[in-house]
Structure formats: C-alpha cells, structure tokens
Amino acid sequence: MNREKIYLFDTTLRDGQQTPGIDFSVEDKIAIARLLDEFGMDYIEGGYPGANPTDTTFFRQKRTTSAGFVAFGMTKRAGVSASNDPGLAVLLQAKADAICFVAKSWDYHVHVALGCSLEENLASIRDSVEAARAASREAMVDCEHFFDGYKANPAYALDCARTAYEAGARWIVLCDTNGGTQPQEVREIVAAVIASGVPGSHLGIHAHNDTGQAVANSLAAVEAGVRQIQGTLNGIGERCGNANLVTIIPTLALKPVYADRFEIGIDADRLSGLTHLSHSFDELLNRSPDHQLPYVGASAFATKAGIHASALLKDPKTYEHVPPETVGNFRKVMVSDQGGKSNFLNALKRRGISVDKDDPKLDRLIALVKEREATGYAYEGADASFELLARRILGTVPDFFSVESFRVMVERRFDANGNLKTVSEAVVKMAVDGTTVMSVAEGHGPVNALDLALRKDLGSYQAEIADLELVDYKVRILNGGTEAITRVLIESTDATGIRWWTVGVSDNIIDASFQALMDSIIYKLMKNRDLAGRIAAE
Ligand SMILES: CC(=O)SCCNC(=O)CCNC(=O)[C@H](O)C(C)(C)COP(=O)(O)OP(=O)(O)OC[C@H]1O[C@@H](n2cnc3c(N)ncnc32)[C@H](O)[C@@H]1OP(=O)(O)O
Ligand SMILES: CC(=O)C(=O)O
C-alpha cells in the first residue's frame, strides 16, 4: 500500500530559542543542526536572520546537507513595498533553501498588533511569498494564531491561508500560537481549511503545549489531513514548549494507526538513535534528561511493581507498548519495596549473581531491602549498595578492612591574619591488613575530610583506589527539621569510566555520608577483583 509522507519540520533552533533560559551560541546551533540533519529531519529552521548577530552569522552559510535549511522572519511591513523592506531583504540574503514567514491570521491581531487594514495584511502575505519565490526560495507561511483567528473570524483566517497558497507557498502552517486549542477543534478547523481550497498536502501544524496537548493536537491535525508537523527536540519552546518531535516521531513510525498510512524520512536504524539524540541535546543544554519523557526517558521502560516485573520477565509485551530497543532505550526492572522475587532475580542476574528462586537467602535479601527502604534507604537509585547488600547476604564480599570508629571536627576560627576560617578534620580508626591505623585528614568540609581520611591509609588496597573519584553527592532530608532522617547518595567513578551509586541513611548527615563512602570504596575493591577474575579467565 502506498503511504503518504509526513514531513518533519524542526524548529528547535528558532522557537526552541524562545524558551526561557535557553540561549544558543553559533557553535551550539551548528552542533544541533548537524544532529538533526544526520537524524533525518526534512526541514531545520535555523533562526531569524537579521534579528540578532548569532542568527545572522548562522545564516551566512548553509548548515545542512540533506534537510531543507529554513530562515524564519515576518512578512513585509504594511506601507512599504517588498523590495524596500529591510527585514525581508535580510531574509532573502540568508543562505537558506526556504523562508518561513510568520503572518498574522487573526483579524484582532492585524488591528491591534500590526495597526494596518485586513487587506494590507493579505497584501503583505502575498508579496512576501512572491518575493521569496522570485529569489528561488521555497516559501512557507506560519499563520500565527490561526485557530483563535478562525474562531473569531473564520472567513478572514481562511483568506490568509488561501492568499499564501495562491501566491505559491509550498506550506501553509496553521499555528496554535497561544496553545489553548483542543484536539477536536483542531480536527474541525483543519477540515474547514481543506474544504476552503487549500489541500492537506500543503498544510502544516505548529502546536504549543499550554494545555499539555501539543503532541495530541499535531496528531489530530495529521488525522484531519495536514502533512507537515513542526516541533522541537524534547519539546522545548516558548512558554510550555512546542510539540515534542521526540514523542511524535516514534508514534508515527511505530503505531500502526499511523505507520500503516504514513511514512517519515526516518528509518528503523535512525529511530534506534532517538534516545541518544534526545540525551545528547540535553547534554548540550547542560541539563538532566527528563526521566519520564515518553519513549526516551530513563523510566520509560522501567518497572518497579513486582506483579508487572513477574509478567514482563515472562514476555516483555505484557507491560511494554513498544520494544525499548526500537528507540534505543532499554528495559529496567528495579529493586525496591514495590518489588517481588522476579525484580530481584532479574537485578541479580544482570549483575552476574545467580541464586535459586527458592533459596531462603533470596527471601532474606528481599525482606532486608523492604525493611531498609521503610527506614529511608532507596536502592533503585543506588545500584552498588544494592549489589553489596546482596553479595553480603550471599556471603561473597571479602573483609577488606573495617572501621572501628571515626570522629569529625568542624572548627570556625580566626586565622593569624584575622580572617574567619572553617576547618574540618576527620580521624578514622581502621583495621587494615591485621594492623590498626589512625588516619587523619583535613578537608573542604566534614564529608570531604572523612573521605580523605578513609582513603588515606588503606595499606595493600591503597594503590587500588587511587583512581576512585566521587562525582556527585546528593542529600535528601526525609522528614523535616534538624533532627530529621537524612539520605545521602554518592556517585563514584574510576579510570574505567564506569559509574556507581551508593546510599547511606542516618539521623546524622556525616554518618549517612560515611555509609555511602564506605560502600563506594568496598564496591570499587570488589569490582577490581571481578575485573581481574574476568581477565584471568579470558
Ligand atoms: C509566534 C512567534 O513565535 S513569532 C516569533 C517572533 N520571533 C521574535 O520576535 C524573535 C526575534 N525578534 C526580534 O529580534 C525583534 O522583534 C525584531 C528584530 C524581529 C523586530 O524588532 P523591532 O523592529 O524592534 O520591533 P518589535 O520587536 O518592537 O516589534 C515587532 C514589530 O513587527 C511587527 N510585526 C509583527 N509581526 C509581523 C508580521 N507578521 N508581519 C509584519 N510585521 C509584523 C509589529 O507590528 C511590530 O511593529 P512596530 O514596531 O511598528 O510596532
Ligand atoms: C510561528 C510561531 O512560532 C507560532 O505561531 O507559535
């Protein structure tokens, strides 16, 4: 069966740049354009040449190889001819394949924001499209506030769309600029536009997420006949964002209701790079990925509930709407107080630990995890502490060293120059290699001092932990006040690049940190032995 093409138009670099807190440099734009181009977008809107030096520089050369490179800007102003409009001149000079004009299509906006007549606005649309075509650019028109405009004055909104189409625009994009339109309204209004003479093959949708329905509105528009979808990576964009292409793309590709009728320019191989694309983009923005993002989030295929895990391990289809690997994500069965034997057996197997389902030690481990979680531990975020706990119950963790006691002192005092200073010192009494050692260290704060003291004098293990590095430290107060229970999570890494999380819980933040630090060091020593064992076996 012949499938119709849905064109994907990415506006991460234009509407995405209107996101509060996001500000791309030229280098950022080049890197993001490359990611999008390689992924297979049909159009990449790079920004608004002439609006600021970054965008003007970005459009000094074409930045895409296969995607259409699109410059955005407003239609010519009323009262000047197209050839005398400086803004339009900059758009025509931009090294772009296409120009996407933003045009008013709500009569109220024409009167209030532009202050010109309805006819003058139609003339601006027509003349701008014709100028772009005369300059051999593909022309598109973003009909701003189209749905609100249609509700206020349907005849005028339709006139704007038809004027753009008749002037030769390849795409007339219906914009839900304020983001309040509902899917049913989108369906009805798109149908009215098509009935007025603008074919669906020339229509696009640009939806904002102000009622959380930008993706639903985009899909409703496709069902009603539009064939271009505008959106952004991870749904960034003005206010609550734009339609999230990272959600729309797999939906179009994997859901039979769309995949049977439509094709997109992204094949299965590229689709399997979607999670990577989404996370690489977050990395560029220097922000943590949203764990609950559909398809690509770390929790998108994670299962905590025991009943779910049990069925999932018999057949993943029982609790997964699509296979995670189709989008480059992976299944995660977690251990927590919500889990049963299946969660634990799976988690242990992943760590190379085999234990029989009927082994009483497994019951002991499950009971201990549930008991500890009730007191504040959280093992789903502390993989290394879970593994240590499991191995301890199964009796496979060597006694590397033991800590008999520790003391941490924080002193605030004036130094010799009269400057106020805070000094932290830790003393740890340990039994290592059959001898008792007192290790003393000063640090930047009590936890750092404790960490340094713990790692300073580990006898025969000292060299082994030289590359151990703490990369993140998170504190969570579990119930208010200074007497509250505190949970500390520590992320560690070493020269192998592997990262692991450990947890400590106590009514004393230093003691909670100590537990997490100890687990981190012991996990590292155990990991070294596992690695050495594997190398010896090869
Ligand atoms: C719905 C959207 O997301 S549209 C995205 C718009 N993007 C941006 O605005 C980001 C970049 N914008 C800018 O840097 C600036 O607004 C510029 C450079 C484009 C223009 O700056 P200025 O000339 O100082 O104008 P200013 O921003 O104050 O106002 C916009 C002007 O454009 C006019 N205008 C707005 N839309 C259109 C349009 N579709 N066609 C013609 N003129 C328009 C307005 O009437 C206003 O004119 P006025 O100055 O005579 O009142
Ligand atoms: C054009 C655009 O970004 C909007 O109408 O939302």
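Residues numbered from 1 in each chain as written. Chains lettered and ligands numbered in written order. Predicted model: local features only at pLDDT ≥ 70, side-chain atom pairs only at ≥ 80, totals over all residues. Heavy atoms only, no water.

Caption draft 1: Just the side chain of Lys524, in detail. As for its position among the elements, Lys524 is in helix H19 (residues 509-537). Aside from chain neighbours lying at most four places away, what touches Lys524 is Glu464, Ile465, Asp467, Leu468, Asp494 and Trp500. (Helix = DSSP H or I, 4+ residues; strand = E, 2+ residues; numbered from the N terminus. Contact = heavy atoms within 4.5 Å.)

Caption draft 2: View of unusual backbone geometry. Here Arg239, not a glycine, exhibits a phi torsion of approximately 55°, which is positive. Summarising the element assignment, Arg239 is placed in the loop between strand S9 (228-231) and helix H10 (245-254). If you check the backbone angles, Tyr295 has positive phi at about 70° while not being a glycine. With respect to the helices, strands and loops of the structure, Tyr295 is situated in the loop between helix H13 (274-285) and strand S11 (302-303).

Caption draft 3: Looking closely at the pairing of strand S15 (residues 435-443). Looking at chain direction, strand S14 (residues 420-432) and S15 are connected through nine bridges and run antiparallel. Residue pairing for S15: Lys429 is matched across the bridge by Met438. Two successive antiparallel strands, S14 and S15, enclose a turn made up of two residues, where Asp433 displays a positive phi of approximately 50°. (Pairing = 2+ DSSP bridges.)

Caption draft 4: Structural view of the site of ligand 1. In the vicinity of ligand 1, 17 residues are found, and the nearest of them are Gln18, Thr75, Arg77, Val102 and Ala113. Take Thr75: an N or O atom from its side chain is 2.7 Å from a nitrogen atom of ligand 1. Protein contact buries 54% of the 1000 Å² of open area that ligand 1 shows by itself. Those elements that provide at least two residues to the shell around ligand 1 are strand S4 (68-74), strand S5 (98-104) and helix H4 (107-114). If you tally residues by element for the shell around ligand 1, the top one is S5, at three residues. (Near = heavy atom within 4 Å. Polar contact = N/O pair within 3.5 Å; in protein donor to acceptor, adjacent residues only side chain to side chain. Areas by Shrake-Rupley, 256 points an atom, 1.4 Å probe, with all protein chains shown as cover.)

Caption draft 5: Highlighting the UniProt feature "domain: Pyruvate carboxyltransferase" (unreviewed entry) in the protein. UniProt's feature table lists "domain: Pyruvate carboxyltransferase" (unreviewed entry) at residues 6-272, given in the numbering used throughout. A distance of 19 Å separates the end C-alpha atoms of residues 6-272, which is 43% helix and 18% strand. (UniProt positions renumbered as here; feature names shortened; annotations may be inferred.)

Caption draft 6: Broad picture of the site of ligand 2. Ligand 2 sits among Arg14, Asp15, Asp142, Glu144, Cys175, Thr177, His206 and His208. In the model, an oxygen atom of ligand 2 is placed 2.9 Å from a nitrogen or oxygen of the Arg14 side chain. Thr177 has a polar side-chain atom sitting 2.6 Å from an oxygen atom of ligand 2. Coverage of ligand 2 by the protein chains reaches 94% of its 220 Å² of free accessible surface. Of the residues in the shell around ligand 2, the class split is one nonpolar, three polar and four charged. (Nonpolar A, V, L, I, M, F, W, Y, C, P; charged D, E, K, R; others polar.)

Caption draft 7: A look at the sheet that holds strand S18 (residues 499-506). Pairing is antiparallel across the open sheet formed by three strands, whose spatial order is S16-S17-S18. The two strands at the open ends of the sheet, each matched to only one other strand, are strand S16 (469-477) and S18. With strand direction ignored, the average angle separating the axes of adjacent strands in the sheet is 20°. Pairing of S16 with strand S17 (residues 486-493), which is carried by eight bridges, proceeds in the antiparallel orientation. (Axes fitted to C-alpha atoms, helices over the stretch in contact; angles between N-to-C directions.)

Caption draft 8: Layout of the packing of helix H1 (residues 26-39) against H13. Interhelical geometry of H1 versus H13 gives an angle of 175° and a closest axis separation of 11 Å. Judged on the interaxial angle alone, H13 and H1 are roughly antiparallel. Only Leu274, Leu277, Ser280, Phe281 and Leu284 of H13 make contact with H1, whose side of the interface consists of Asp28, Ala31, Ile32, Leu35 and Phe39. (Parallel < 35°, antiparallel > 145°, perpendicular 65-115°, else oblique.)

Caption draft 9: Spatial organisation of the environment of Gln182. Its location among the elements puts Gln182 in the loop between strand S7 (171-176) and helix H8 (183-195). Looking at Gln182, the relative accessible area reads 31%, which means it is partly exposed. For the pair Gln182 and Gln213, spaced 31 residues apart in sequence, the C-alpha to C-alpha distance is 7.4 Å. Ignoring any residue separated from it by four or fewer positions in sequence, one finds Gln182 in contact with Thr211, Gln213 and Asn217. Among the polar contacts made by the side chain of Gln182, one reaches the main-chain carbonyl oxygen of Gly180 at a distance of 3.1 Å. Of note is the side chain of Gln182, whose polar atom sits 2.6 Å from the side chain of Gln213. (Buried < 20%, exposed > 50% of the residue type's maximum accessible area, 1.4 Å probe, protein only.)

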